[in-house]
Amino acid sequence: ASDVGDLLYAAQGVAGGKGTTHGYACGGETALVHINKFSFSADGNAVDVGDLTIGRAIWSHSASSGTYCYQHGGEGGGNSYRNVIDKFSVTADANATDVGDLALGLKSGSCQSSSTYGYSSGGKLSGSQTDMIQRYAFASDGNAVDTTQNLLAVAYSCAGTSSTTYGYMHGANGPGGRQNVIQKFQFDTSNNATDVGDLTQSVDACSGHSSTTHGYRSGGAVNYINVIDKYPFATDSNATDVGDLAAGGEEVAGTHN
């Protein structure tokens, strides 16, 4: 990886997002509301293009429909866990609008996107964790619902990637501590997640990125890891170490072009 610019501010716990031409980084400690936007075609700093409806810190999550980015979850002031689903356009700079609520307010879960739904899987609740996979529709504003699918176990501080047919979760904290398991679940079914491989490290607080053929994990805890892992969507198998970040980090956000 190479350093191509700066966000508006230094913060951990931001959430990523993407359009076809730009990447986004939103919120962050301490419950910030800013929407950072940066170009995929030209290296440079991010610009402020709007605000979320509420401040979000420590891992809110982002889904993308192609025309809108959705932000959900995260932590607010006083250790409150957010359930609001925000939506903002990637074709015109503007503030986000509140379009619904999660079935559970949470932070530090993972996020996946199909062509029709945004997903939230796992996460930390007040005093507990969850294995729930919930989703909300892109076509109409509304609340998220429990898909009745579940992860293998409760998990938080995790990251997600997406193929056209499956959502993936990797790099989590849960029973037994930090984990290296890669899980996947099929979109538009009630099937639970399955174990399909391992990362090269047991890690949490990392990021997720998707190409059309592979999922990627970068960074994570503990001690500000800089490793970039890659695993295929076509076959269930372990990840391989394919490079390093310019600087290690944890509670990081990812996006992709």
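Everything below is about the structure printed above this text.
The residue numbers shown here count from 1 along each chain, following its written sequence. Two thresholds apply to this predicted model, a pLDDT of at least 70 for residue-level local features and 80 or more for giving and counting side-chain atom pairs, whereas whole-chain, interface and lining totals are computed over all residues. Excluding hydrogens and water, the side-chain values take into account all heavy atoms of the structure.

Caption draft 1: Seen up close, the sheet that holds strand β5 (residues 61–64). Between any two strands, pairing holds if DSSP finds at least two bridges. Secondary structure elements are taken from DSSP: a helix is a run of H or I of four residues or more, a strand is a run of E of two residues or more, and numbering for both begins at the N terminus. In spatial order, the strands read β5-β6-β7-β8; together these four strands make up an open sheet with antiparallel pairing. Only two strands of the sheet have a single partner each, and these edge strands are β5 and β8 (97–101). Taking the axes of each pair of neighbouring strands and ignoring which way they run, one obtains an average angle of 30 degrees across the sheet. In this sheet, strand β7 (residues 84–89) lies alongside strand β6 (residues 68–72) in antiparallel orientation, the contact comprising five bridges. Paired with H72 across the bridge in β7 is I85. Every axis in this analysis is a line fitted to C-alpha atoms, fitted for helices over the stretch in contact. Angles between the N-to-C directions lie between 0 and 180 degrees.

Caption draft 2: Structural detail: the side chain of E75. Mapped onto the elements, E75 comes out in the loop between β6 and β7. The exposure class of E75 is buried, given its relative accessible area of 13%. Throughout this description, a polar contact denotes any pair of N or O atoms lying within 3.5 Å of each other; where both atoms belong to protein, one of them has to be capable of donating a hydrogen while the other can accept it, and for residues adjacent in sequence the pair is counted only when both atoms sit in side chains. Of the polar contacts made by the side chain of E75, one reaches the side chain of K107; its length is 2.6 Å. Every residue pair with non-hydrogen atoms within 4.5 Å of one another is taken to be in contact. Every residue in contact with E75, bar those within four places of it in the chain, is listed here: A31, G55, R56, A57, I58, S80, Y81, R82 and K107. Residue exposure (1.4 Å probe, protein chains only): buried if accessible area is under 20% of the type maximum, exposed if over 50%, otherwise partly exposed.

Caption draft 3: Main features of the pattern of salt bridges. We define a salt bridge as a side-chain nitrogen of Lys or Arg found within 4 Å of a carboxyl oxygen belonging to Asp or Glu. This structure, assessed with the given rule, holds eight salt bridges. Where D236 meets K184, a salt bridge forms, and the shortest distance between an N and an O atom there is 3.0 Å. In this pair, D236 sits in the loop between β20 (227–232) and β21 (240–244) while K184 sits in strand β16 (residues 177–186), placing the two residues 52 residues apart along the sequence. On the basis of relative accessibility, which here comes to 12%, the residue K184 falls in the buried class. D229 serves as the salt-bridge partner of R217, at 2.9 Å between the closest nitrogen and oxygen. Taken together, the positions of R217 in strand β19 (residues 214–218) and D229 in strand β20 put the pair twelve residues apart, joining distant regions of the chain. Residues R217 and D229 agree in their burial class; the two are buried.

Caption draft 4: How the structure looks around the environment of A57. Examined against the element boundaries, A57 turns out to sit in the loop between β4 (47–56) and β5. A57 sits in the buried class, given a relative accessible area of 6%. Sequence spacing of A57 and A103 is 46 residues, and the spatial spacing of their C-alpha atoms is 19 Å. Dropping the residues within four chain positions of it, A57 is found in contact with G13, G28, E29, T30, A31, G74 and E75.

Caption draft 5: Looking closely at the packing of aromatic side chains. Here the aromatic set is Phe, Tyr and Trp, taking the six-membered ring for Trp, and pairing holds for ring centres within 6.5 Å; pairs whose planes are under 30 degrees apart are stacked, those over 60 apart are edge-to-face, and all others are tilted. Applying the stated criterion across every chain, the model contains twelve aromatic pairs. Between the aromatic rings of Y70 and Y136, the centroid separation amounts to 5.5 Å while the plane-to-plane angle is 45 degrees, which identifies the pairing as tilted. With Y70 in strand β6 and Y136 in strand β11 (residues 128–137), the pair connects residues that are 66 residues apart, well separated along the chain. Assigned by exposure class, Y70 and Y136 land together as buried. Two conditions define a charge located above a ring, namely a distance within 6 Å from the ring centre to NZ of Lys or CZ of Arg, and an angle within 35 degrees of the ring normal. The positively charged end of K124 is found above the aromatic ring belonging to Y156, 4.4 Å away from the centroid. For the cation-ring pair, K184 lies above Y166, with the distance from its terminal atom to the ring centre recorded as 4.2 Å.

Caption draft 6: View of the nonpolar core. If you look at the biggest cluster of nonpolar residues, it comprises twelve residues: A159, Y168, I182, V196, L199, V203, C206, I225, V227, Y231, F233 and A239. When contributions to this core are tallied by element, the ones reaching two or more residues are β17 (194–203) and β20. Ranked by residues supplied to this core, first place goes to β17 with three residues. Excluding anything up to four places from it in sequence, A159 contacts S110, Y168, M169, H170, G171, C206, S207 and G208. Take the buried residues of types Ala, Val, Leu, Ile, Met, Phe, Trp, Tyr and Cys, join any two whose side-chain atoms come within 4.5 Å, and each joined set is a nonpolar core. Counting eleven residues, the second-largest nonpolar core is a separate cluster that includes A63, Y70, L125 and F138.

Caption draft 7: Geometry of unusual backbone geometry. Here the amide bond leading from E29 into T30 is cis, since omega sits at 0 degrees, within 30 degrees of zero. As for its placement among the helices and strands, T30 is situated in the loop between β2 (22–26) and β3 (32–39). Residues other than glycine seldom take positive phi values, yet N223 does so here, at roughly 65 degrees. Relative to the elements of secondary structure, N223 occurs in the loop between β19 and β20. Residue N223 is classed as exposed on the basis of its relative accessible area, which comes to 65%.

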